[in-house]
Amino acid sequence: MSTTGKVIKCKAAVLWELNKPFAIEEVEVAPPKAHEVRIKIVAAGICRSDDHVVTGNLVTSLPVILGHEAAGIVESIGEGVTTLKPGDKVIPLFIPQCGKCSVCKHPEGNYCVKNDLSKLQGTLQDGTRRFTCRGKPVSHFIGTSTFSQYTVVDEMSVAKIDAASPLEKVCLIGCGFTTGYGSAVKVAKVTQGSTCVVFGLGGVGLSVIMGCKAAGAARIIGVDINKDKFEKAKEVGATECVSPQDFKEPIYKVLNEMSGGGVDFSFEVIGRLDTMMSALLCCQEAYGVSVVVGVPPNTQNLSMNPLLLLGGRTWKGAVFGGYKSKDSVPKLVADFMAKKFPLDMLITHVLPFEKINEGFDLLRSGKSIRTILTF
Ligand code: PAD
Ligand code: ZN
Ligand code: ZN
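In this text, all values refer to a predicted model and were calculated from it rather than measured experimentally.

Rules and cut-offs
- Residues numbered from 1 in each chain as written.
- Chains lettered and ligands numbered in written order.
- Predicted model: local features only at pLDDT ≥ 70, side-chain atom pairs only at ≥ 80, totals over all residues.
- Heavy atoms only, no water.
- Donors = N, O, S within 2.8 Å, 3.2 Å for Na, K, Ca; no water.
- Helix = DSSP H or I, 4+ residues; strand = E, 2+ residues; numbered from the N terminus.
- Buried < 20%, exposed > 50% of the residue type's maximum accessible area, 1.4 Å probe, protein only.
- Salt bridge = Lys/Arg side-chain N within 4 Å of Asp/Glu carboxyl O.
- UniProt positions renumbered as here; feature names shortened; annotations may be inferred.
- Near = heavy atom within 4 Å.
- Polar contact = N/O pair within 3.5 Å; in protein donor to acceptor, adjacent residues only side chain to side chain.
- Areas by Shrake-Rupley, 256 points an atom, 1.4 Å probe, with all protein chains shown as cover.
- Pairing = 2+ DSSP bridges.
- Axes fitted to C-alpha atoms, helices over the stretch in contact; angles between N-to-C directions.
- Core = buried A, V, L, I, M, F, W, Y, C linked by side-chain atoms within 4.5 Å.
- Parallel < 35°, antiparallel > 145°, perpendicular 65-115°, else oblique.
- Left-handed = near helix turned anticlockwise from the far one by under 90°.
- Contact = heavy atoms within 4.5 Å.
- Nonpolar A, V, L, I, M, F, W, Y, C, P; charged D, E, K, R; others polar.
- Expected span 1.5 Å × (residues − 1).
- Lys, Arg positive; Asp, Glu negative; His and termini not counted.
- Tetrahedral: all angles 85-135°; square planar, octahedral: opposite > 155°, others 65-115°.

**Regarding the coordination of the zinc ion (ligand 2)**
Only Cys-47 (SG), His-68 (NE2) and Cys-175 (SG) from the protein reach the zinc ion (ligand 2) as donors, at distances of 2.0 to 2.3 Å. Taken in chain order, the donor set of the zinc ion (ligand 2) reads C-x20-H-x106-C. Placement of the pair is Cys-47 in the loop between β3 (36-45) and α1 (48-54) and Cys-175 in the loop between α3 (167-170) and α4 (176-188), with a sequence separation of 128 residues. The buried category is assigned to Cys-47, whose relative accessible area is 3%.

Structural data, given as structure tokens:
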């Protein structure tokens, strides 16, 4: 029996309160309206950005269905949808690509003005929600909400991918891999023979390392306070790893000494203000480039001396590795299928969706890189 045009009742992980476990609930998912697509989620990764909502670092309205790194199959489409059809394999996009705004038209920009990351309004583009639970509307999260058996997204927030792609792996192209890899090759534009430093060796940080390696960096120094992360970092390309806790001096000084005066490229992939400053300070003062990848708490500010930039340093940031989402995701999936980069090394755990709370515990205790939830 076709579900097209009907409300679907299915399971979703609902966050009702901050710092509480997700509740697996029966939710109602309304059919897609015009220019929307309803997707059956097949696999979803757990990213630290989801946890930032649970802890209150990213503030959105509750209850909410989180999840933004996933892959699935189109169940049905709304009126006017032209780029997808039922049965297509897809990756939802947490940064849309409307194709019409000044950012989409700019050759470099990817932070489409239709994104919900800056507002965290919790709705689709038309300002309304498609989820209901226990009679209450439930918020969307950055236009994706993939911790649900079914979700509805805007057509500008979903990319069609190769029908042969393994969804339980390419889901990582929906956030972690793409964000990290692109931060190195596209945002920093890492050069051949350079020295790079990566602060934070989680799923995103390891992907930065892969990007630095692919760009031909000669030295890639991993920084993390959890030394259990070093082995994997070296497997994906780090040439050495250090823990700030092993030194009396501030870590930026250690890195300046190790690199003979400052590194070429540094990346903050944790989401802390102190490590953002360390990453800036460890890059060479005349030509170093420091990239903010980690998502900082949205109520905090950094104060810095502008003299740090006057010598010529560049301080920048980007979401989703600077990639225009709808154009780039299908190409990255094709590159993965052509074995241009691996994803397996990022996946440490696979759990059934119902064990989502266990997956978040693994992230918080530092035991996992990426946990993939299967539906
Ligand atoms: P993760 O939690 O798996 O990795 C973070 C790593 O940082 C862990 O290995 C920690 O041990 C380490 N760490 C924590 N504190 C410190 C410290 N004080 N000094 C050194 N190391 C430390 O997270 P992730 O890899 O999923 O995500 C990393 C960040 O990137 C996080 O803030 C997330 O929200 C952000 C992100 N940004 C984008 C984007 O588009 N810009 C996309 C996805 C994730
Ligand atoms: Zn993410
Ligand atoms: Zn746009």
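**Describing the pattern of salt bridges**
Scanning the model with the defined rule gives 18 salt bridges in all. Across the pair Asp-88 and Lys-160 runs a salt bridge, and its minimum N-O distance is 3.6 Å. In this pair, Asp-88 sits in the loop between β4 (69-77) and β5 (89-92) while Lys-160 sits in strand β9 (residues 158-160), placing the two residues 72 residues apart along the sequence. Among the residues examined, Asp-88 registers a relative accessible area of 6% and is labelled buried. A salt bridge links Asp-126 to Arg-130, with the nearest nitrogen and oxygen atoms 3.2 Å apart. Judged by relative accessible area, which is 3%, Arg-130 ranks as buried. Taken together, the shared-partner salt bridges connect Lys-33, Glu-36, Asp-126 and Arg-130 into one network.

**Comments concerning the UniProt feature "domain: Enoyl reductase (ER)" (unreviewed entry) in the protein chain**
Here the UniProt-annotated "domain: Enoyl reductase (ER)" (unreviewed entry) positions come out as residues 17-373. Taken end to end, residues 17-373 comprises 25% helix and 22% strand; its first and last C-alpha atoms sit 22 Å apart.

**Examining the site of ligand 1**
Around ligand 1, a shell composed of 29 residues is seen, among which Arg-48, Ser-49, Asp-224, Ile-270 and Val-293 lie nearest. Within the contact set of ligand 1, an oxygen atom lies 3.2 Å away from a backbone nitrogen or oxygen of Gly-203. Taken by itself ligand 1 offers 860 Å² of open surface, and the protein chains cover 91% of this. Those elements giving two or more residues to the shell around ligand 1 turn out to be α1 and α5 (203-214). Per-element tally for the shell around ligand 1: the top contributor is α1, with 3 residues.

**Some details on the sheet that holds strand β6 (residues 131-133)**
Ordered by their spatial adjacency, 4 strands build an open sheet running β1-β2-β6-β7, and the pairing between neighbours is antiparallel. Single-partner strands in this sheet number two, and they are β1 (8-14) and β7 (136-138). The sheet shows a mean angle of 45° between the axes of neighbouring strands, taken without regard to direction. Two elements, β1 and strand β2 (residues 23-29), share 7 bridges in a ladder whose sense is antiparallel. Looking at the pairing, Lys-9 lines up with Glu-28 of β2.

**Some details on the nonpolar core**
Counting residues in each nonpolar core, the largest one holds 101 residues, and the members touching the most others are Phe-147, Ile-173, Val-190 and Phe-267. Top element by residues in this core is α5. It accounts for 6 residues. By size, the runner-up hydrophobic cluster in this structure holds 12 residues, among which are Val-242, Val-254, Leu-255 and Cys-283.

**Focus: unusual backbone geometry**
The omega torsion of the bond from Leu-62 to Pro-63 falls at -10°, within 30 degrees of zero and hence cis. If you trace the backbone, Pro-63 turns up in the loop between α1 and β4. Backbone geometry places Asn-19, a non-glycine residue, at a positive phi of 55°. In this structure Asn-19 comes out as exposed when scored by relative accessible area, which is 55%.

**Considering the packing of helix α7 (residues 251-258) against helix α8 (residues 273-282)**
Close contact between α7 and α8 brings their axes to 8 Å; oriented N to C, the two are set at 25°. In terms of orientation, α7 and α8 fall into the roughly parallel class. Judged by the sense of rotation from one axis to the other, the crossing of α7 with α8 is right-handed. Of the residues in α8, those touching α7 at Ile-251, Tyr-252, Leu-255 and Asn-256 are Ser-278, Leu-281 and Cys-282. Taken together, the residues of the contact of α7 with α8 break down into 5 nonpolar, 2 polar and no charged.

**A short note on α4**
Compared with an ideal rise of 1.5 Å per residue, which puts 13 residues at 18 Å, α4 spans 17 Å between its outermost C-alpha atoms and is within 8% of the ideal. Those residues of α4 lying buried are Gly-176, Phe-177, Thr-178, Thr-179, Gly-180, Tyr-181, Gly-182, Ser-183, Ala-184, Val-187 and Ala-188. Lys-189 occupies a position one or two residues after α4 and carries a positive phi of about 55°.

**Notes on the environment of Asp-335**
Within the fold, Asp-335 resides in helix α10 (residues 325-337). A sequence separation of 41 residues divides Asp-335 from Gly-294, and the C-alpha atoms of the two residues are 25 Å apart. If we ignore the near neighbours within four places in the chain, the residues touching Asp-335 are Lys-340 and Phe-341.

**A look at the side chain of Lys-229**
The topology assignment puts Lys-229 in the loop between β11 (219-223) and α6 (230-236). The buried charged residue Lys-229 lacks any salt bridge partner; its closest oppositely charged side chain belongs to Asp-224, at an N-O distance of 5.5 Å.

**So, the coordination of the zinc ion (ligand 3)**
Only Cys-98 (SG), Cys-101 (SG), Cys-104 (SG) and Cys-112 (SG) from the protein reach the zinc ion (ligand 3) as donors, at distances of 2.3 to 2.4 Å. Coordination at the zinc ion (ligand 3) is tetrahedral, judged from the 4 donor atoms that bind it and the angles of 104 to 116° they form at the metal. One chain supplies every donor for the zinc ion (ligand 3), spaced along it as C-x2-C-x2-C-x7-C. There is no split in this pair, since Cys-98 and Cys-104 are both buried.

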